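Survey of secondary and tertiary structure
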Amino acid sequence: MKKIIFALMLLLSSVQLFAQSNDVEMADALRSNGKIYVVVICIVIILVGLLIYLFSLDKRLKKIEKKSSDKN
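Residues numbered from 1 in each chain as written. Predicted model: local features only at pLDDT ≥ 70, side-chain atom pairs only at ≥ 80, totals over all residues. Heavy atoms only, no water.

Within an unreviewed UniProt entry, the label attached to the protein reads CcmD family protein, and the organism entered is Pedobacter panaciterrae.

Structure below.
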């Protein structure tokens, strides 16, 4: 029953997406002024920073796990 309700909710949410128009005035204005590239660069910088943080955190965790397994 839960699967059916979940599938119905996903179906209804996708129907709502089709009702939206393709006109995005803000994106058109940013694109015409060339500022869209600034937005894209900011998003890329944030994502790269997050990835670097996650990889460094993973590296530290592996080191701690290795130290912990050596003690046992």
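1. Focus on the UniProt feature "transmembrane region" (unreviewed entry) in the protein
The UniProt feature table records "transmembrane region" (unreviewed entry) at residues 35-57. The span residues 35-57 is 96% helix and 0% strand, and its two end C-alpha atoms sit 33 Å from each other. (UniProt positions renumbered as here; feature names shortened; annotations may be inferred. Helix = DSSP H or I, 4+ residues; strand = E, 2+ residues; numbered from the N terminus.)

2. Overview of a positive patch on the surface
On the surface, a cluster of positive charge is contributed by K59, K63, K67 and K71. Summarising the element assignment, K71 is placed in helix 3 (residues 36-71). (Patch = residues over 30% accessible without salt bridge, like charges linked within 9 Å, V, L, I, M, F, W, Y side chains within 5 Å. Areas by Shrake-Rupley, 256 points an atom, 1.4 Å probe, with all protein chains shown as cover. Salt bridge = Lys/Arg side-chain N within 4 Å of Asp/Glu carboxyl O. Lys, Arg positive; Asp, Glu negative; His and termini not counted. Charge placed at Lys NZ, Arg CZ, Asp CG, Glu CD.)

3. Here we look at the pattern of salt bridges
Across all of its chains, the model carries one salt bridge by this definition. Here D58 makes a salt bridge to K62, at a shortest N to O gap of 3.6 Å. Remark: K62 and D58 occur in helix 3; sequence separation between them is four residues, near one turn of the helix. The exposure class of D58 is partly exposed, given its relative accessible area of 35%. (Buried < 20%, exposed > 50% of the residue type's maximum accessible area, 1.4 Å probe, protein only.)

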